[in-house]
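# Chains, contacts and geometry: an overview
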Amino acid sequence: MESIGVLMLCPMSAYLEQELQSRFNLFKLWTVPQKPQFLKEHASSIRAVVGNAAAGADAELISALPKLEIVSSYSVGVDKIDLDKCREKGIRVTYTPDVLTEDVADLAIGLILAVLRRLCASDRYVRSGAWKKGDFRLTTKFTGKTVGIIGLGRIGMAVAKRAEAFNCPISYYSRRAKPDIQYTYYPSVVELASNCDILVVACPLNEETWHIINRGVIDALGPKGVLINIGRGPHVDEPELVSALVEGRLGGAGLDVYEKEPEIPEELFGLENVVLLPHVGSGTVETRTAMADLVIGNLEAHFLNKPLLTPLV
Ligand SMILES: O=CC(=O)O
């Protein structure tokens, strides 16, 4: 397979890079100064694209690569890939579901605890020497709080399972109520937000879920409510979130994702009730290795004419 051209769109994993390099003719787009010219030169040899949550095969890239057969994404979210165009052109798309579910759900619970129990602020308190002058103030209990989840897919279910262990009543919003699920279903996000203490965004990003967290939802969650976003930045109308937090109309937020990563609204930096993570939901050595193995396994399967491991298209 050494002659098959594989285009990696951005740096994502040294391990993945090495493994791809040892099997394929690997091109690293981020190292190329003149991208349009490079794509023209290599258009006839690039048969696969490897992207991630930050960079995918959009319509422009797909049009520039007439020999493209497969997009193998090092992510579970595929909002950066033009799936319709891939379907239209018969380009296969694979992603990395399941292997990252536990890590992302763990992180959601970590964010809830970090916001409610002010873990990061307490840590800063100790490091700054402030403890010597007095105890840290009281925080908010997690156990027993009502957790609302937007999107009860693999990750949403894994968050629910964990929150159940904290004796939290679980409710959810999704397009349709799920049969066989005993959690309370709300047919609108505003109703869900009005009836929970902690609202977790765990759905894929698409036209329907863009800005699913808007002013109405934030107001329904209210000054004691906490928003946790482990989905995608554009799920949230960020200026509305920032003003609600600054004005005290929302109780707190734990965010792993942002509208314009890695840009984060600076107004959030001074707020103790906000915990900010740099999009690391799946960012453990174990999980990222498993994700890389899936990316490679899918490419190998495709070029050996075997069934794909985790096909989406
Ligand atoms: O955001 C991360 C992913 O989609 O895997």
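Residues numbered from 1 in each chain as written. Predicted model: local features only at pLDDT ≥ 70, side-chain atom pairs only at ≥ 80, totals over all residues. Heavy atoms only, no water.

As annotated in an unreviewed UniProt entry, the chain carries the name glyoxylate reductase (NADP(+)) and comes from Carya illinoinensis. Its UniProt record, at the heading Sequence similarities (unreviewed entry), says of the chain: "Belongs to the D-isomer specific 2-hydroxyacid dehydrogenase family." (UniProt positions renumbered as here; feature names shortened; annotations may be inferred.)

Once that is clear, we can look at the overall build of the chain. The number of helices and strands found in the chain is 11 helices and 12 strands. The C-alpha radius of gyration of the chain comes to 21 Å, within 12% of the 20 Å expected for a compact globule of 313 residues. By its C-alpha atoms, the chain is 65 × 50 × 30 Å across when sized along the principal axes. Taken across its 313 residues, the chain has 51% of its residues classed as buried. Partitioning the intrachain contacts of the chain with sequence separation of at least 6 by distance along the chain shows that 58% fall at a separation of at least 24. When the accessible surface of the chain is split by element, carbon and sulfur atoms take 52% of a total near 15200 Å². Averaging the positions of the 33 positive and the 38 negative side-chain charges in the chain gives two centres separated by 2 Å. (Helix = DSSP H or I, 4+ residues; strand = E, 2+ residues; numbered from the N terminus. Rg over C-alpha atoms; globule rule 2.2 N^0.38 Å. Buried < 20%, exposed > 50% of the residue type's maximum accessible area, 1.4 Å probe, protein only. Contact = heavy atoms within 4.5 Å. Areas by Shrake-Rupley, 256 points an atom, 1.4 Å probe, with all protein chains shown as cover. Lys, Arg positive; Asp, Glu negative; His and termini not counted. Charge placed at Lys NZ, Arg CZ, Asp CG, Glu CD.)

What follows deals with the sheet that holds strand 2 (residues 25–28). Spatial ordering of the open sheet is given by 2-1-3-4-5, a layout of 5 strands whose pairing is parallel. Pairing within the sheet leaves two strands with one partner each, and these edge strands are strand 2 and strand 5 (92–94). Within the sheet, the average angular offset between the axes of one strand and its neighbour, ignoring direction, is 20°. Sheet topology note: the strand 4 (residues 70–73)/strand 5 ladder contains 3 bridges and is parallel. Bridging across to strand 5, Ile-70 finds its partner in Arg-92. (Pairing = 2+ DSSP bridges. Axes fitted to C-alpha atoms, helices over the stretch in contact; angles between N-to-C directions.)

What follows deals with the site of the ligand. The ligand sits among Ala-53, Ser-75, Val-76, Gly-77, Leu-100, Arg-232 and His-279. Within the side chain of Arg-232, one N or O atom sits 2.7 Å away from an oxygen atom of the ligand. Contact between the ligand and His-279: an oxygen atom at 2.6 Å from a side-chain N or O atom of the residue. When isolated, the ligand has an accessible area of 190 Å², and the protein chains bury 87% of it. (Near = heavy atom within 4 Å. Polar contact = N/O pair within 3.5 Å; in protein donor to acceptor, adjacent residues only side chain to side chain.)

As a further point, take the UniProt feature "domain: D-isomer specific 2-hydroxyacid dehydrogenase NAD-binding" (unreviewed entry) in the chain. Those places that UniProt annotates as "domain: D-isomer specific 2-hydroxyacid dehydrogenase NAD-binding" (unreviewed entry) correspond, in this numbering, to residues 109–281. Within the segment residues 109–281, helix and strand shares are 29% and 14% respectively, and the terminal C-alpha atoms sit 11 Å apart.

With that settled, the discussion passes to the nonpolar core. Ranked by internal contacts, the top residues of the largest apolar core, which has 75 residues, are Leu-7, Leu-16, Ile-149, Ile-230 and Leu-299. Sorting elements by how many residues they give to this core places helix 5 (residues 101–116) first, with 9 residues. Mapping this core onto the domain boundaries places at least three of its residues in each of domain 1 (5–97 + 286–303) and domain 2 (101–276). Those residues in contact with Leu-7 that sit more than four places away from it in its chain are Phe-27, Leu-29, Phe-38, Leu-39, Ile-46, Ala-48, Val-49, Val-50, Leu-61 and Leu-65. (Core = buried A, V, L, I, M, F, W, Y, C linked by side-chain atoms within 4.5 Å. Domains from an automatic or database assignment.)

Turning next to the UniProt feature "domain: D-isomer specific 2-hydroxyacid dehydrogenase catalytic" (unreviewed entry) in the chain. This chain's UniProt record puts "domain: D-isomer specific 2-hydroxyacid dehydrogenase catalytic" (unreviewed entry) on residues 11–310. Between the end C-alpha atoms of residues 11–310 there is a gap of 22 Å, over a span that is 36% helix and 14% strand.

Another aspect to go through is unusual backbone geometry. Going from Glu-261 to Pro-262, the amide bond is cis rather than trans, its omega being 0°. Assignment of secondary structure puts Pro-262 in the loop between strand 11 (252–255) and strand 12 (274–276). Positioned with a positive phi, Asn-167 is a non-glycine residue whose angle comes to about 60°. Among the secondary structure elements, Asn-167 is positioned in the loop between helix 7 (154–164) and strand 7 (170–173). With a phi close to 70°, Asp-180 is a non-glycine residue in the positive phi region.

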